[in-house]
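# Coordinates in review
Here are the chains, one letter per residue:
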Amino acid sequence: MDTQRLARFEHLWETLFPRVLGYALRRSDAEEARDVTSETFLVAWRRLDDVPRDDGALPWLLATARGILANRRRSAGHGIRVGQLLAETRPVTSPDPAEAVAERAALAAAFARLDERDRDTLAMIAWDGLAPREAALVAGCSPATFAVRAHRARRRLAASIAVEDATALEIRRELS
Amino acid sequence: MTNHRPIIERLAELDPASPAQIAQMTKDAEPVRAEIMSVEIDELASRRRLRSRRAMTAVAATIVAIGLIVPIAILLPLAGNDATDPRGAGAEAPVTASDRIEVLSPAPDTTVTSPVIVSGTADVFEATVSIRILDGTNNVIADTFTTATCGSGCRGDFEAEVPFSVSTEQPGVIQVFEVSAQDGSKINVVRIPVTLVPVPGGQITPAGGPPATASETIEVLTPALNARVSSPVTVSGTANVFEATVSIRILDGTNNVIADTFTTATCGSGCRGDFEVEVPFSVGTEQPGVIQVFEVSPEDGSERHMVTIPVTLVPA
């Protein structure tokens, strides 16, 4: 076995497995995320020569995971569920728990109101930690197109938060 | 509530994937790494070992389907079509992605009717993506091409609506490939085994075509074909269309547009959602009419996936 090949795959696994797994977890349940990530790295192993070096590797892997998820979703007959598990998200620490809870609830509700593409666009930036150029590669569009999508998604999230604010304020009052 | 922190920063705190969960699952996946690295390159069967018991069922179904198609592909070679394919001759398995072409739809082993939407991403010479459909006896029953949004060094999206005609339900293969700029051979071939199904009553065509309650992406549940409808008519169904926007038009007996509206499905751009809208119209006398349900192409504004429902329009 080619030791360089082994070393390269090991390096990819060590550095990027958690990133790919995180991407899958945000878009599916844990069991499916595990399968999708394994399958993504199997593709990477089989096509290691095609995996870009350095910074290009992560977008390549995520784009592969995205395609695998999409195929599974098509088979199952529904779309990618970005952040559907928001209700079960981990708690945040805050000096003012009541305010934090209300804020989180409002933001989560506002996010949930967005359409799937907006959620996916924002998730790639906020959760997957991708630079716009990387996210564009994953989404299969140009960086300019992605920038426009991200701008619009942010704007729509801000508008959606404004709608949720009144509700959040009431929740805060009830909790205080 | 006042919070001036950037939205993205606040949203980051809602990340549904916690570092602890990722760390634990990464640790648990260690045996998978060793398993992957023991896989001989191009040994497709190894995929099976990596999947959960639940996924195993799906894989088994796929293999059975391949088993039905592959013998045909082997016994009746594709007339030299694949001789130049660097991935190797013969269609051993569905290949949804080659180096340069990834097909997102249709998925392998799905049932397709004409026209089938073939879409994906490609980085090919001059952005030209070639598409062929082969029937159960490996005859080429559709041969066309489309242009990706980018090419010759950058990856672009492509989507083509490929009409075909079959008289009976049968296995088939959709091939998506690049024609080599060097020697004109087929390269980067992607093969999607599918089941080709004839469209009842003939092939669906754009406006003015024969009646049909469903196209590849839009299915109309109400009103039924030849129903008597009065204003407002409830048009409902399911659709998987760009930005979930479903367009609806009513034509009267002289083909005048007497209603023109749109509605939003519960899901779109890659997922199927429900839609239902009440469309008001006005006619002076009872007359034949047509309800058209379609998608407006994001690329060029053209009307596509047209479903045409002939009805009788009755004054309110």
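The following paragraphs examine the structure supplied in this document.

## Considerations on the overall build of chain B
- Counting its regular elements, chain B contains 5 helices and 16 strands.
- Within chain B, the proportion of its 316 residues that are buried is 48%.
- Just so you have it, chain B exposes about 14,700 Å², and 54% of that area is on carbon and sulfur atoms.

## Considerations on unusual backbone geometry
- For the peptide bond that leads from S114 of chain B to P115 of chain B, omega is -5°, which places it in the cis range.
- Locating P115 of chain B in the fold gives a position in the loop between β2 (111-113) and β3 (116-122).
- Backbone torsion omega between T222 of chain B and P223 of chain B reads -5°, so that peptide bond is classified as cis.
- Inspection of the secondary structure puts P223 of chain B in the loop between β9 (218-222) and β10 (228-230).
- Here the phi dihedral of D54 of chain A falls at roughly 55°; this positive angle occurs in a residue that is not glycine.
- Within the secondary structure layout, D54 of chain A lies in the loop between α2 (30-46) and α3 (57-76).
- Located in the positive-phi region is N188 of chain B, a residue other than glycine, with phi close to 50°.

## Considerations on the pattern of salt bridges
- On inspection of all chains with the given rule, the structure shows 17 salt bridges over all chains.
- When the shortest N-O distance is used, the salt bridge between R33 of chain B and E30 of chain B registers 2.9 Å. One end of the pair is R33 of chain B and the other is E30 of chain B, both in helix α3 (residues 30-37) and 3 residues apart, which spans about a single turn.
- Since its relative accessible area comes to 34%, E30 of chain B is described here as partly exposed.
- Here the salt bridges do not stand alone but share partners, grouping R26, R27, R66, D120 and D128 of chain A together with D15 of chain B into one network.

## Examining the nonpolar core
- F41, F146 and L157 of chain A together with L11 of chain B are the most contacted members of the largest nonpolar core, which has 61 residues in total.
- In terms of residue count, helix α1 (residues 3-25) of chain A provides more of this core than any other element does, 10 residues in total.
- Here this core spans two domains, since at least three of its residues come from each of domain 1 (1-79) and domain 2 (82-176) of chain A.
- Contact partners of F146 of chain A, with chain neighbours within four places excluded, come to T121, M124, I125, P132, A135, A136, A139 and C141 of chain A.

## Quick look at the packing of α2 of chain A against α3 of chain B
- Look at α2 of chain A against α3 of chain B: their axes get within 10 Å of each other, and the N-to-C directions meet at 30°. Judged by the angle between their axes, α2 of chain A and α3 of chain B are roughly parallel. As α2 of chain A runs across α3 of chain B, the sense of the crossing is right-handed. Contacts between α2 of chain A and α3 of chain B involve S38, F41, L42 and W45 of chain A from the first element and V32, I36 and M37 of chain B from the second.
- Each residue belonging to the contact of α2 of chain A with α3 of chain B can be placed in one class, and the counts come to 6 nonpolar, 1 polar and no charged.

## A word on α3 of chain B
Residues and elements named next belong to chain B.
- By the burial criterion, the buried members of α3 are V32, R33, I36 and M37. The arc that holds the buried residues of α3, viewed along the axis, is 130°, so those residues lie on one side. Across from the buried face of α3, at angles greater than 90 degrees, the exposed residues are P31 and A34.

Reading the values: rules and limits
- Residues numbered from 1 in each chain as written.
- Chains lettered and ligands numbered in written order.
- Predicted model: local features only at pLDDT ≥ 70, side-chain atom pairs only at ≥ 80, totals over all residues.
- Heavy atoms only, no water.
- Helix = DSSP H or I, 4+ residues; strand = E, 2+ residues; numbered from the N terminus.
- Buried < 20%, exposed > 50% of the residue type's maximum accessible area, 1.4 Å probe, protein only.
- Areas by Shrake-Rupley, 256 points an atom, 1.4 Å probe, with all protein chains shown as cover.
- Salt bridge = Lys/Arg side-chain N within 4 Å of Asp/Glu carboxyl O.
- Core = buried A, V, L, I, M, F, W, Y, C linked by side-chain atoms within 4.5 Å.
- Domains from an automatic or database assignment.
- Contact = heavy atoms within 4.5 Å.
- Axes fitted to C-alpha atoms, helices over the stretch in contact; angles between N-to-C directions.
- Parallel < 35°, antiparallel > 145°, perpendicular 65-115°, else oblique.
- Left-handed = near helix turned anticlockwise from the far one by under 90°.
- Nonpolar A, V, L, I, M, F, W, Y, C, P; charged D, E, K, R; others polar.
- Arc of directions from axis to C-beta.

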